[in-house]
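Listed below are the residues making up each chain.
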Amino acid sequence: MIAAVLPTAPLAARGTHASPNARPHPPNARLVPYPRLAWPLEISGGQYIPVAWANIAGWSEDDHLEAYKAFRLSCRPIAAQRTLPADPKALGISLRDPCRAAKASVISDGAKARAFFEEHFLPLRISRLGEGEGFVTGYYEPVIDGSRTQTDVYTVPVYRRPSNLFVRGVKQSASGLPNKGQVFRKIGRRKLVPYYDRAEIEDGAIAGRGLEICWLKDQTDLLFTQIQGSARVRLEDGSTLRINYDAHNGYPYTPVGRILIDRGIIPKEQMSMQKIREWMDQNPDGAKELRRQNRSYVFFREVQLSDKDEAVGAQGVPLTPGRSIAVDKALHVYGTPFFIEGELPIESEQSRTPFRRLMVAQDTGSAIVGPARADLYFGAGTDAGRMSGRLRHNMRFVILVPKSLDPVGRGRKMPLPDARPSEKIAKLFPQVDPLKDRQKDQKNGAKPPEASAAASPKAAANSPAPAKNATPTAAQPAAAVAQSSTAQQAAAKPVPLPEARPNIKFSRDGRRHRYYRYYRRGR
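The notes below deal with the structure included here. (Residues numbered from 1 in each chain as written. Predicted model: local features only at pLDDT ≥ 70, side-chain atom pairs only at ≥ 80, totals over all residues. Heavy atoms only, no water.)

1. Observations regarding the overall build of the protein chain
Secondary structure assignment for the protein chain yields 17 helices and 17 strands. Relative to its full complement of 523 residues, the protein chain shows a buried share of 36%. Sequence separation of at least 24 residues holds for 78% of the intrachain contacts in the protein chain that already meet a minimum separation of 6. Counting every atom, the protein chain has about 33,700 Å² of accessible surface; 53% of that belongs to carbon and sulfur. (Helix = DSSP H or I, 4+ residues; strand = E, 2+ residues; numbered from the N terminus. Buried < 20%, exposed > 50% of the residue type's maximum accessible area, 1.4 Å probe, protein only. Contact = heavy atoms within 4.5 Å. Areas by Shrake-Rupley, 256 points an atom, 1.4 Å probe, with all protein chains shown as cover.)

2. A closer look at the sheet that holds strand β7 (residues 184-187)
Strand order in this open sheet of 3 strands is β6-β7-β8, and the pairing throughout is antiparallel. Bordering the open sheet on either side are β6 (165-166) and β8 (191-194), each of which pairs with just one other strand. Across 4 bridges, β7 lies against β8 in antiparallel orientation. Of the residues in β8, the one forming a bridge with lysine 186 is leucine 192. (Pairing = 2+ DSSP bridges.)

3. Some points on the pattern of salt bridges
Following the criterion strictly, the structure yields 23 salt bridges and no others. Within this structure, Arg198, Glu202, Asp203, Arg291 and Arg292 form a network of salt bridges that share partners. (Salt bridge = Lys/Arg side-chain N within 4 Å of Asp/Glu carboxyl O.)

4. So, the packing of helix α8 (residues 273-282) against helix α9 (residues 284-293)
The packing of two helices is summarised by the inter-axis angle and the distance between the axes. Between α8 and α9, the least distance of the axes is 5 Å, while the angle of their chain directions is 125°. Our classification of the angle between α8 and α9 gives oblique. Residues Trp279, Met280, Asp281 and Gln282 of α8 form the contact with α9, whose own contacting residues are Pro284, Gly286, Ala287, Leu290 and Arg291. The residue makeup of the contact of α8 with α9, split by class, is 5 nonpolar, 2 polar and 2 charged. (Axes fitted to C-alpha atoms, helices over the stretch in contact; angles between N-to-C directions. Parallel < 35°, antiparallel > 145°, perpendicular 65-115°, else oblique. Nonpolar A, V, L, I, M, F, W, Y, C, P; charged D, E, K, R; others polar.)

5. Thoughts on helix α6 (residues 219-228)
With 9 of 10 residues buried, α6 is to be regarded as a mostly interior element. Regarding α6, the residues found buried are Gln219, Thr220, Asp221, Leu222, Leu223, Phe224, Thr225, Gln226 and Gln228. For α6, the capping residue at the N-terminal end is aspartate 218, with a side-chain oxygen 3.2 Å from the backbone nitrogen of threonine 220. (Polar contact = N/O pair within 3.5 Å; in protein donor to acceptor, adjacent residues only side chain to side chain.)

6. Some points on the sheet that holds strand β10 (residues 230-234)
Pairing in this open sheet of 6 strands is mixed, and the strands run β5-β9-β4-β10-β11-β12 from one edge to the other. Of all strands in the sheet, those bounded by a partner on one side alone are β5 (156-159) and β12 (298-303). On average, each strand axis in the sheet is tilted by 45° relative to the strand beside it, whichever way the strands run. As paired elements, strand β4 (residues 143-147) and strand β9 (residues 212-216) share 2 bridges and run antiparallel to each other. Residue pairing for β9: glycine 146 is matched across the bridge by leucine 216.

7. Here we look at the packing of aromatic side chains
Counted under the stated rule, the structure contains 13 aromatic pairs. Summarising the aromatic geometry, the rings of phenylalanine 71 and phenylalanine 117 are spaced 6.1 Å apart at their centres and angled 70° between planes, so their arrangement reads as edge-to-face. Separated by 46 residues along the polypeptide, phenylalanine 71 in helix α2 (residues 64-80) and phenylalanine 117 in helix α4 (residues 110-120) bring together distant segments of the chain. Of the residues examined, phenylalanine 71 reaches a relative accessible area of 0% and is grouped as buried. When its relative accessible area of 0% is taken as the criterion, phenylalanine 117 is described as buried. Aromatic ring contacts, followed pair by pair, group Tyr68, Phe71, Phe116, Phe117 and Phe121 into a single cluster. Directly above the aromatic system of phenylalanine 224 lies the positively charged group of arginine 277, at a separation of 4.8 Å from the ring centroid. (Phe/Tyr/Trp six-rings, centres within 6.5 Å; stacked < 30°, edge-to-face > 60°. Lys NZ or Arg CZ within 6 Å of the ring centre and 35° of its normal.)

8. Regarding the nonpolar core
Grouped together as the largest cluster of nonpolar side chains are 64 residues, with contacts concentrated most on Phe71, Phe117, Ile325, Ile340, Leu376 and Phe397. Tallying contributions element by element places α2 first for this core, with 7 residues. When sequence neighbours within four positions are dropped, the list of residues in contact with phenylalanine 397 reads Leu124, Arg125, Ile126, Gly134, Phe135, Val136, Phe338, Phe339, Ile340, Ala372, Arg373 and Ala374. Grouped together as the second largest cluster of nonpolar side chains are 26 residues, Ile144, Leu165, Ile206 and Cys214 included. (Core = buried A, V, L, I, M, F, W, Y, C linked by side-chain atoms within 4.5 Å.)

9. Let's talk about the state of the cysteines
The tally for this structure, following the rule as stated, stands at 1 disulfide. Note on cysteine connectivity: cysteine 75 is disulfide-linked to cysteine 99, with sulfurs 2.3 Å apart. On the sign convention where negative means left-handed, the S-S torsion of about -80° between cysteine 75 and cysteine 99 marks this disulfide as left-handed. In this pair, cysteine 75 sits in helix α2 while cysteine 99 sits in helix α3 (residues 96-104), placing the two residues 24 residues apart along the sequence. Across this residue pair, the class does not change: cysteine 75 and cysteine 99 are buried. (Disulfide = S-S within 2.5 Å.)

10. Some words on empty space enclosed by the protein
Under the criterion given, the structure shown has 1 cavity of 30 Å³ or more. Looking at the largest cavity, its volume works out to about 40 Å³. A breakdown of the residues in the lining of the largest cavity according to their chemical character gives 6 nonpolar, 2 polar and 1 charged. (1 Å grid on protein atoms, 1.4 Å probe; cavity = no way out; pocket = protein on both sides within 12 Å on 5 of 7 lines; lining within 4 Å. Points joined across faces, edges and corners; volume = space filled by probe spheres on them.)

11. Focus on the environment of leucine 344
As for its position among the elements, leucine 344 is in strand β14 (residues 337-344). Its relative accessible area of 0% is what places leucine 344 among the buried residues. Setting aside residues up to four positions removed in sequence, leucine 344 forms contacts with Val136, Ser351, Arg352, Thr353, Phe355, Leu376, Leu391, His393 and Met395.

12. Some points on the environment of glycine 257
Within the element layout of this structure, glycine 257 appears in helix α7 (residues 256-262). The sequence separation of glycine 257 and isoleucine 276 amounts to 19 residues, and the corresponding C-alpha distance is 6.7 Å. Not counting chain neighbours up to four residues away, the residues in contact with glycine 257 comprise Met271 and Ile276.

13. Some thoughts on the side chain of threonine 320
With respect to the helices, strands and loops of the structure, threonine 320 is situated in the loop between β12 and β13 (324-327). Note on threonine 320: relative accessible area 17%, which makes it buried. If sequence neighbours within four positions are ignored, threonine 320 has contacts with Ala70, Leu73, Gln362 and Tyr377.

Below is the structure:
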């Protein structure tokens, strides 16, 4: 096509007449099928709608300065990015612009912090597709007793990541491995098999390899430490050892609380981490079986943090109690602000304390899945654990999107589909479905045209003929009557069949004779 067009272009410029049979190329021809157009902002499995700042309940009463400080912490790794992320997400690298503005500005009061968010972000109410609210839980950093060495009291090891643990596509020297996906161990030089599950590890599958970071009192302490992802271990000499998530064994996380609810042991409305711990302490044998229902196992690394430092989230920045949340890493970008609004049992199990707070996504978890799903971080210690253990509630989510990703403005630039044909053309060429019409006729009991055309001549002959002197009625014009009688006569007349082919017997005697003479002559 290109070779045919290029030589004729100079001739046309010199005034050469084009061929009368040549058809001009239609302008702006569409590709068929149509190419898939990208939406302005697409979050898998989620729905969103723009909302005004004034329509967000509790927005004006929040302490925006605390949220601004947490956001600036997230801006450090965002500004350090030099390449695009490997997994493209809805926000992409759009948070760089608000982070540059936060770095260049000096904000020391809540009014300016609120103005900063309203100037650089747009609020979108977000939820799972088909739902109106999101879901929140809570987590904290446990403070537990432990020892650097194994004793009669401290018998449960806390393991670091084994050297024979492999994740496809991730180097073993990486600082932290994904918390989802398959994990393998190598047998020999090439064979890879799934890694040991919780039961095998508790029974000593990796014991004696020097992987022990420290030792705890019981398996329940270790289980809750693995669920939270970090812990402060108080050693016998008074010092504190800080451990943080490093890897897992590749099995999906199974909530032990859900198993207790399904078995009817603890009612759903009474479920909490404290209830789980109480039941495990009272039923040691049942606790062992219950733990092993959760085949997932977490490995830790030692981090150099003081007692005053908060735990470090998956983004690599210290978490802020009451402002940091864990989100679905597959959908959201670390550093994204979320305003979460609803009622939570903060003060007690029966309380309904209004919770309207701007949070920042700085962590993740294997159980945190969905566009409006968050784990609220409450800090370290017993009180934080008691508070976070009560949370399993529906809340309303508003995601703050940088203005460079304005879905309304970008939606106006989307190309429109081709215009529909005019009403006149649609009447000239009606779209009918023969198969659908035939099924409708069969359902109503009407015979198809083939059946009526194939009716026997005898039946047509016995049909009553119209009277000779019949006069047309007012509802039936004369022309219509004549046309109807002509059609009936044509339908009554049998269709002649073609003549039969003559029965001519083919003789092969001559051919056989010639072949025989040729065969004899060749010999």
